[in-house]
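# Summary of the model geometry
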Amino acid sequence: MVWMQNFHFHYSQTTNKLLYVKSTVEQIRERFDNDVERFSNLETGQAATMDAPLSLQLVVQAAAALRPDGKSVLDVGCGAGNYTLQLLQRVPNLDCTLVDLSCPMLRRAKERVGAVTSGTVTAVQADVRELELGGEKYDYILAAAVLHHLRTDEEWEATFAKFFRALKPGGSVWIVDLVYHSTVAVQEMMWARYGDYLVGLKDEKYRDHVYAYIEQEDTPKPLVYQLELLRKVGFNEVEVLNMSTCFAAFGGVKS
Ligand SMILES: C[S@@+](CC[C@H](N)C(=O)[O-])C[C@H]1O[C@@H](n2cnc3c(N)ncnc32)[C@H](O)[C@@H]1O
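Let me begin by describing the structure that accompanies this report. (Residues numbered from 1 in each chain as written. Predicted model: local features only at pLDDT ≥ 70, side-chain atom pairs only at ≥ 80, totals over all residues. Heavy atoms only, no water.)

### Brief notes about the overall build of the protein chain
Within the protein chain, the secondary structure is distributed over nine helices and ten strands. Its C-alpha atoms give the protein chain a radius of gyration of 18 Å, near enough to 18 Å, the size a compact globule of 255 residues would have. Counting only C-alpha atoms and orienting by the principal axes, one finds that the protein chain spans roughly 55 × 35 × 35 Å. Split into buried and exposed, the 255 residues of the protein chain put 51% on the buried side. For the protein chain, the proportion of contacts with a sequence separation of at least 24, taken over those separated by at least 6, is 71%. Put simply, the protein chain shows about 12,200 Å² of open surface, and 52% of that area lies on carbon and sulfur atoms. On the protein chain, the mean spot of the 26 positive side-chain charges and the mean spot of the 33 negative ones are 2 Å from each other. (Helix = DSSP H or I, 4+ residues; strand = E, 2+ residues; numbered from the N terminus. Rg over C-alpha atoms; globule rule 2.2 N^0.38 Å. Buried < 20%, exposed > 50% of the residue type's maximum accessible area, 1.4 Å probe, protein only. Contact = heavy atoms within 4.5 Å. Areas by Shrake-Rupley, 256 points an atom, 1.4 Å probe, with all protein chains shown as cover. Lys, Arg positive; Asp, Glu negative; His and termini not counted. Charge placed at Lys NZ, Arg CZ, Asp CG, Glu CD.)

### Examining the site of the ligand
Within the structure, the ligand sits among 21 residues, and Gly-77, Asp-100, Asp-127, Val-128 and Ala-144 are positioned closest to it. The side chain of Asp-127 places a nitrogen or oxygen atom 2.9 Å from a nitrogen atom of the ligand. Placement of the ligand is best described as lying within the largest cavity. Contributing elements (two or more residues each) for the shell around the ligand: helix 1 (25-33) and helix 4 (82-90). Classifying every residue of the shell around the ligand by side-chain character gives twelve nonpolar, six polar and three charged. (Near = heavy atom within 4 Å. Polar contact = N/O pair within 3.5 Å; in protein donor to acceptor, adjacent residues only side chain to side chain. 1 Å grid on protein atoms, 1.4 Å probe; cavity = no way out; pocket = protein on both sides within 12 Å on 5 of 7 lines; lining within 4 Å. Sits in = over half its atoms within 2 Å of the grid points. Nonpolar A, V, L, I, M, F, W, Y, C, P; charged D, E, K, R; others polar.)

### Topic: the packing of aromatic side chains
Per the counting criterion, the structure on display carries ten aromatic pairs. Measuring from ring centre to ring centre gives 6.2 Å for Trp-156 and Tyr-225, while their planes differ by 85°; the resulting arrangement is edge-to-face. Here Trp-156 is found in helix 6 (residues 153-166), whereas its partner Tyr-225 is found in helix 9 (residues 223-233), with 69 residues between them in sequence. Taking the relative accessible area as the measure of exposure, Trp-156 reaches 0% and is therefore buried. Here the guanidinium or amino end of Arg-31 rests over the ring plane of Tyr-213, the centre of that ring lying 5.0 Å away. (Phe/Tyr/Trp six-rings, centres within 6.5 Å; stacked < 30°, edge-to-face > 60°. Lys NZ or Arg CZ within 6 Å of the ring centre and 35° of its normal.)

### Concerning empty space enclosed by the protein
Tallied over the entire structure, the rule returns one cavity of 30 Å³ or more. Put simply, the largest cavity is a space of about 700 Å³. Around the largest cavity sit 44 residues that line it, and Phe-32, Ala-145, Val-146, His-148 and His-149 are the ones nearest its centre. Breaking the lining of the largest cavity down by element, the ones donating at least two residues are helix 1, helix 2 (42-45), strand 4 (72-76), helix 4, strand 5 (95-100), strand 8 (167-178) and helix 8 (204-217). When grouped by side-chain class, the residues that make up the lining of the largest cavity number 27 nonpolar, eight polar and nine charged. (Points joined across faces, edges and corners; volume = space filled by probe spheres on them.)

### Let's talk about the pattern of salt bridges
The full count for this structure, using the stated rule, is eleven salt bridges. Where Glu-155 meets Arg-129, a salt bridge forms, and the shortest distance between an N and an O atom there is 3.1 Å. With Glu-155 in helix 6 and Arg-129 in the loop between strand 6 (121-125) and strand 7 (138-144), this pair connects stretches of sequence that are 26 residues apart. Across the salt bridge formed by Asp-139 and Lys-168, the nearest N and O atoms sit 3.0 Å from each other. Of this pair, Asp-139 sits in strand 7 while Lys-168 sits in strand 8, and the two are 29 residues apart along the sequence. (Salt bridge = Lys/Arg side-chain N within 4 Å of Asp/Glu carboxyl O.)

Structure below.
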């Protein structure tokens, strides 16, 4: 193993190439521990996520439209709490359970969410893969820009199944995330378009920086894979709210 410019590589003797080793949970936690300010502002903090403000609005509108009088939300990978804060504008005074790997993120989320809800606010520092979420507890589950850290198919399925169990009947889960396309040529085309977007936002150096950290840290799955998995674990209604190049907002209803 060698370290190069903060990225972790290992030498593959089968391909004679240097390959990225994906970040560990500790490395991901450390990165987010140091990024609280950026994630406290969705408008400016997630510029690399195409359509981030639109996807957030669509998700909270859909959640509220399905259940205008819900009592409880679980926000997985809550960061500084942007998603829960927006949902509270539509469904006030929810009991809020905030889950994140990063303590500094959770502290910020708890402070911001606690200031606007009269419900209980529970902050849980945990890896979602290891957390028992319980049964039929939540009206809404939100997971924005976090599930791309899941690695194996088993982890994806176990996490989606936990979400299904944790929702009350009629409750819904909403996911906003980077997605890959399973057809190589389409993936390459979409990736190039995303690159153009990043260059337009800043410059080529920024594009290469974003490409590098995605390569280092993320293991996204195609949208179709995730929709099929939602159905497989029990969600009999699935909905796509937005799809923009390689970002999607979608969800499932436990009816
Ligand atoms: C890109 S931020 C998004 C924050 C927030 N959802 C938003 O959209 O504003 C991802 C967050 O997920 C957290 N995270 C990453 N992997 C996680 C895991 N396995 N379990 C729980 N939280 C995780 C990170 O610490 C980080 O705060």
